[in-house]
Amino acid sequence: MTIKSIILVMVYLQTYTANGQIICERQMSVEWRAQPKQHIMKWTLMNNICSNFYTDCWNINTNIERNILEQEALNVPQICPFQLQLGDSLFISSEASFQSHGMNLGNVSMEEFIRCPSEGFLQDQLIFGCRLRGMHQVDPRWLGVGTHYFAEVQTKGPPLCNLGLRLNVTVKQQFCQQSSNEPFCSRHGRCLSHVWDEAYNCHCSQQYFGRFCEEFDACSSKPCHNNASCINTREGTIGDSYECACPTQFAGKNCSEIIGQCQPHTCLNGNCSNVTPNTFLCECDKDFTGAFCEEPLEPCTSQPCLNGGICQNNEHEYVCECLAGFLGHDCEKDVNECSSRPCQNGATCVDMPNDVACICLPMFTGKFCDSVLGPCELSPCLNNATCVDQQQSYYCRCLPGFTGKNCEEAIDYCRLLSINCLNEGLCLNIIGGFSK
């Protein structure tokens, strides 16, 4: 192995170790935007290289089964992946230190994305007609629906693709409109896409269903009484697009009417009213229920107890057994535990059910903010540096390639060492070193 090869291997290992901790920011579900959006992606080896496709690049924990090729893609360094909606624009911004050298991207297969493009790469797979200098827009023809893999095509110099210059882009379309003139999800839902979905689809509001939330579920409100069966129909307005299959003794739209006519004492605890020549209805006294007002209405039926209280029937009254932290006849009063001022050292007290939460000032910890944090417990050191306590102070032991009080600065070796590459060579700033 040549000295140059050894340097490249060391650079790769340093990059992988440092950048493997980067967690990409992602939303699990995204709503379709009415207008397309412009996205700018920095083509650089600094700050945005993730290593594990699920836990780092997507910041989730999943057991989704993938084929063997996809499994290999889980642990290759790559730029944080993008998810676009169809019609969005993507711009690639090259790092300034690359621009004197010129770069290009290739539209590659998944296998080439994992292995990196080999020599003899086809020119018609190149994203840009010229080498990447500054900012360039990716032609929309490379951003059709589906998943696309872009990788750095090596012309000369070190193999930058292996260091992480490759990008996974997924472009999604929406299936939330019956036609282009129709509203999204019939205005009865939201057009959403989960991170693993292939497209945007309707997620309907309560009582609506169908691909475009165009169907109304009238039975969800349980309009049929007396153990009748409810059947959704497409006839009628939204409010009454249902039918009730009544038991033999009942009739009416909601099976609330009794077949027959009023007779003395038909309604045991209420008043009888003839609705039609063939049906009548019992209007029950306040303490009774049932088709014939035959059932005593228990006080707890209306669920009067609040905040998780347990209702106990007691003849014509009820009693609420309240959970800890609540008082009142219906458990409606929340006891303010902050009144005893349990939080210390200037902390803010937040009242919770039968508990408090203390928001501590810096340097304090514990349930009541009664303990003092050591300097290193504040995690001041960045970029995986090691924090060392020094009585009332601390210092950070930085990984190679970082400096500063908290190891917050990446060392620019090309500028620090005033390296000027000959013959149009390119000096690359890489975490932990440089490469020519």
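Definitions and limits used
Residues numbered from 1 in each chain as written. Predicted model: local features only at pLDDT ≥ 70, side-chain atom pairs only at ≥ 80, totals over all residues. Heavy atoms only, no water. Pairing = 2+ DSSP bridges. Helix = DSSP H or I, 4+ residues; strand = E, 2+ residues; numbered from the N terminus. Axes fitted to C-alpha atoms, helices over the stretch in contact; angles between N-to-C directions. Buried < 20%, exposed > 50% of the residue type's maximum accessible area, 1.4 Å probe, protein only. Polar contact = N/O pair within 3.5 Å; in protein donor to acceptor, adjacent residues only side chain to side chain. Contact = heavy atoms within 4.5 Å.

*Asks:* Any details on the sheet that holds strand 2 (residues 38-43)? Residues and values, ideally.
*Replies:* Strand order in the open sheet formed by three strands is 2-5-7, and the pairing between neighbours is mixed. Each of the sheet's edge strands pairs with one partner strand only, and the pair in question is strand 2 and strand 7 (135-137). Taken over all neighbouring pairs, the strand axes of this sheet differ in orientation by 25 degrees on average, direction set aside. Of the strand pairs in this sheet, strand 2 and strand 5 (residues 89-94) are connected by six bridges, and their pairing is parallel. Across the sheet, residue K42 finds its bridge partner in strand 5, namely S93.

*Asks:* Provide a residue-level description of the pairing of strand 26 (residues 348-352), including the pertinent values.
*Replies:* Sheet topology places strand 26 next to strand 27 (residues 355-359); five bridges connect them, and they run antiparallel. By the bridge assignment, M352 is partnered in strand 27 with D355. Linking strand 26 to strand 27, which pair antiparallel, is a turn of two residues; within it N354 sits at a positive phi near 55 degrees.

*Asks:* How would you explain the side chain of R166 if you had to name every residue and give the values?
*Replies:* By the secondary structure assignment, R166 is in strand 9 (residues 166-172). The buried category is assigned to R166, whose relative accessible area is 2%. A distance of 3.0 Å separates the side chain of R166 from the backbone oxygen of I114, its partner in a polar contact. Discounting residues that sit within four places of it in the chain, R166 has contacts with W43, V76, P77, Q78, I79, F113, I114, C116, F150, A151 and C161.

*Asks:* An account of the sheet that holds strand 3 (residues 49-50) is requested, with residue identities and associated values reported.
*Replies:* Taken in spatial order, the five strands make up an open sheet running 3-4-9-8-6, and their pairing is mixed. What marks the edges here is a single partner per strand, and that holds for strand 3 and strand 6 (105-108). With two bridges joining them, strand 3 and strand 4 (residues 78-85) adopt antiparallel strand pairing. Its bridge partner being in strand 4, I49 is matched across the sheet by I79.

*Asks:* Lay out unusual backbone geometry with the relevant residues and their values.
*Replies:* Positive phi, close to 55 degrees, is recorded for N226, a residue that is not glycine. Note that N226 resides in the loop between strand 13 (215-216) and strand 14 (229-232). Among the residues examined, N226 registers a relative accessible area of 24% and is labelled partly exposed. A positive phi angle, near 55 degrees, is found at R341, a position not held by glycine. By the element assignment, R341 lies in the loop between strand 25 (333-334) and strand 26. Classification of R341 as exposed rests on a relative accessible area of 75%.

So yeah, pure geometry; function would need other evidence.
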